[in-house]
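# Chain and residue survey
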Amino acid sequence: MSRVTKKASSVCTDSPLSMSEVCQKMTLMRQILTSCFGPNGRLKQVHNNVGGHVLTTSTSTSLLQAVSSSEPLLKLITASILNHLSRFSDCGLYTGILCFSLIDHVQKSGLRPSVAIKINKQLLEVCTSFLNQEDCGCKVNVDFNSCQSLVTLARSVISSKPACVLTEGEQQHISTLAVHAFLLTVPCGDTPGSPDRVRLGKTVTVSIEGQFVLDSAVFPGLLVNVPDMQLHPTDSERTRRGPGPFRLALFTVSLSGDLSEFGEGSLEVHSGAPDPEDLILDELLKLGEQAVTDQVEVFMCQRVIHPVLQHYLRRHGVLVVERLGIALIEPIVQMTGAQAVALYQTPIPPEAYGQVKGCCVRTVGSREMLHLLPPREPAPAVCTMVLCHRNDTMLNELKAVCQRAEHVLRLTLRDPVALLGGGCTETHMAAYISNKGTTEAAKAALSLGVSQSQYLLGLNGFCSSLEAVALALVHDGETGLVDLSYAHHWSVPQGEAIHSGTVPQGEAIHSGTVPQGEAIHSGTVAQGEAIHSGTVAQGEAIHSGTVPQGEAIHSGTVAQGEAIHSGTVPQGEAVQRGDGDEVPATCGCGLVERSARPGLEWTPLNTRYPSRSAPLVVGKDTPPQLRVLDSFTAKLNALQVAVEMANLVLDIRYVIQDVN
């Protein structure tokens, strides 16, 4: 077959990371992901320029699936993040921010990609080993004897998505429901026939628009939407009879009796032969007779049931439900033990029948739904979570977030631990790696075949990238701090000032308060000389500071009551100390309390500060109420994916695109 146009040659791009256009696109994607991060993140609206549906979201899955890019490197990173989310449902934004930060730091540092890749791999092993330690300062055990840690873990997932638009009370209510639904799907005993395997149940979500969020609820069993929102009068009477168990039959084949179900083609009927539709109806009635004979009390079909068959079954006291849809087939099979029947031309095998404990009609919002109760408690249960919200956009976001929260809770069954949230894991781990890497720099550099200065440069970039993730949680002009004792993350609201305190080598510059309009004079002085302040109104004096040679105190006119902050200090390193009023009562995760740890010092994130010993570990014998927890399994995998993808992108030399 000849081509309409001549085949064009493939386009080869050499060193794509050296191109400004590629770097701008990656920077923009990083800014998009960073602005969505955390409970105070910004929402994103995605729409096509030719019209269509407008998506409002802050979740990484919805955002990355909706945003398309022509840049191959961005496609590669996006695909890796989505693959991670398909397996773990959490930490998608974390993966993207860390990956882009690592790439950015390597480009700015001037390290050769091959050297940076070696260092990143080695530091990833250090991180993985640290997080898997029993005494890791970032981990807390998930206690299944109490729901508190599970609720905190679920609330951390739900509260991090501002598009849900939930108040604190609504967040707590939905988090409790998510844990309730999760516990209902965990079997109480061994799985029948497989004592060594645990088979979890399933949560079915029903969305109700226009209701209050606090009207959301969880029900054991299944809520089935009834066609036309009404039950047949005979069915209503059937649901009011005594308790079960009731025998149930389930069909996936259409029982409408239409010839179209046999596929396309011509049908030749000889003269005098019976009508094919009458023959099909006879087969359907034989099926109904068998169901009545076998004492089937609930007759369900994924598709449509012929009206004549419905009338026959209802006349014999059978509850009939049609148009279930494919999504409910698996939960019904799992809950009732029934086998879905795909033929009606053959008799129903006895083992195909299932059981339900009972059924009743529930009014949920404006809907009337049939409630099927599970037949036995020890079996893997199926439950229904009814989610209510004010509009469709919020409801869709809430539904997606609750499904992710359930997945995160299930991950704790395999690894019953969680990581500290609120950026504290990242800052604590960065401090640990920084201390360990600096101490063992010579040995590590020799083993990697790089110079010690290259290793320290790569180490600084890796730790700064981890801190950049914690810093991404800071929005609305807040200031991100890290304490110098436990290396936990603290956020100071906008407008609060952190006054300077002591600086390295014992040099101190004192600040003072001056009247309106008074100026502090500065100058460059010789070593050991002092800058003397001028006399100010009402006898107030500005204390002088002793500074080293060449260092200057910058002058400025200040308003009444304002404080003069210190300027340049030795080696450019400034340690910030909070006076106790502007720093929050607890760190980001809630483990470190300011009142219980006097003498804490802080420094802004991603700034140079004096070298210090390894961060202290907070004792967890009687831990305070933790505010934020993250999934250990999801974040550990996200860390690995982010570093590996950054290394892969740094290692790409050529990009070859087929433009045909």
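Just so it is clear, the structure is predicted and the values come from calculations on it, not from any experiment.

Next up on the list: the nonpolar core. With 72 residues, the main nonpolar core has L131, I433 and L639 as its most contacted residues. Look past the residues within four positions of I433 in its chain and what remains in contact with it is L123, V126, C127, T438, L459, F462, C463 and L466. Listed in part, the 45 residues of the second largest apolar core include L409, A418, C587 and C589.

This paragraph deals with the state of the cysteines. Inspection of every chain in the model, using the stated rule, returns 0 disulfides. Residue C138 stays outside any disulfide, its sulfur separated by 4.2 Å from that of C136, the closest cysteine.

Taken as a whole, this structure holds 3 aromatic pairs when the rule is applied. Judged by centre distance (4.1 Å) and plane angle (20°), the rings of F130 and Y432 are stacked. Pair noted here: F130 is in helix α5 (residues 113–131) and Y432 is in helix α13 (residues 424–439), with a separation of 302 residues, a long-range link. Residue F130 is classed as buried on the basis of its relative accessible area of 4%. Residue classification places Y432 among the buried positions, given a relative accessible area of 18%.

Of all 6 residues in strand β8 (residues 246–251), 5 are buried, a share of seventy percent or more. In the sheet, β8 pairs with strand β11 (residues 354–356) via 3 bridges, with the strands oriented antiparallel. Of the residues in β11, the one forming a bridge with F246 is V356. Strand direction decides the pairing type here: β8 and strand β9 (residues 298–301), joined by 4 bridges, are parallel. Looking across to β9, one finds that A249 is bridged to F299.

Cut-offs and rules
- Residues numbered from 1 in each chain as written.
- Predicted model: local features only at pLDDT ≥ 70, side-chain atom pairs only at ≥ 80, totals over all residues.
- Heavy atoms only, no water.
- Core = buried A, V, L, I, M, F, W, Y, C linked by side-chain atoms within 4.5 Å.
- Buried < 20%, exposed > 50% of the residue type's maximum accessible area, 1.4 Å probe, protein only.
- Contact = heavy atoms within 4.5 Å.
- Disulfide = S-S within 2.5 Å.
- Phe/Tyr/Trp six-rings, centres within 6.5 Å; stacked < 30°, edge-to-face > 60°.
- Helix = DSSP H or I, 4+ residues; strand = E, 2+ residues; numbered from the N terminus.
- Pairing = 2+ DSSP bridges.

Nothing here speaks to function; it is all geometry.
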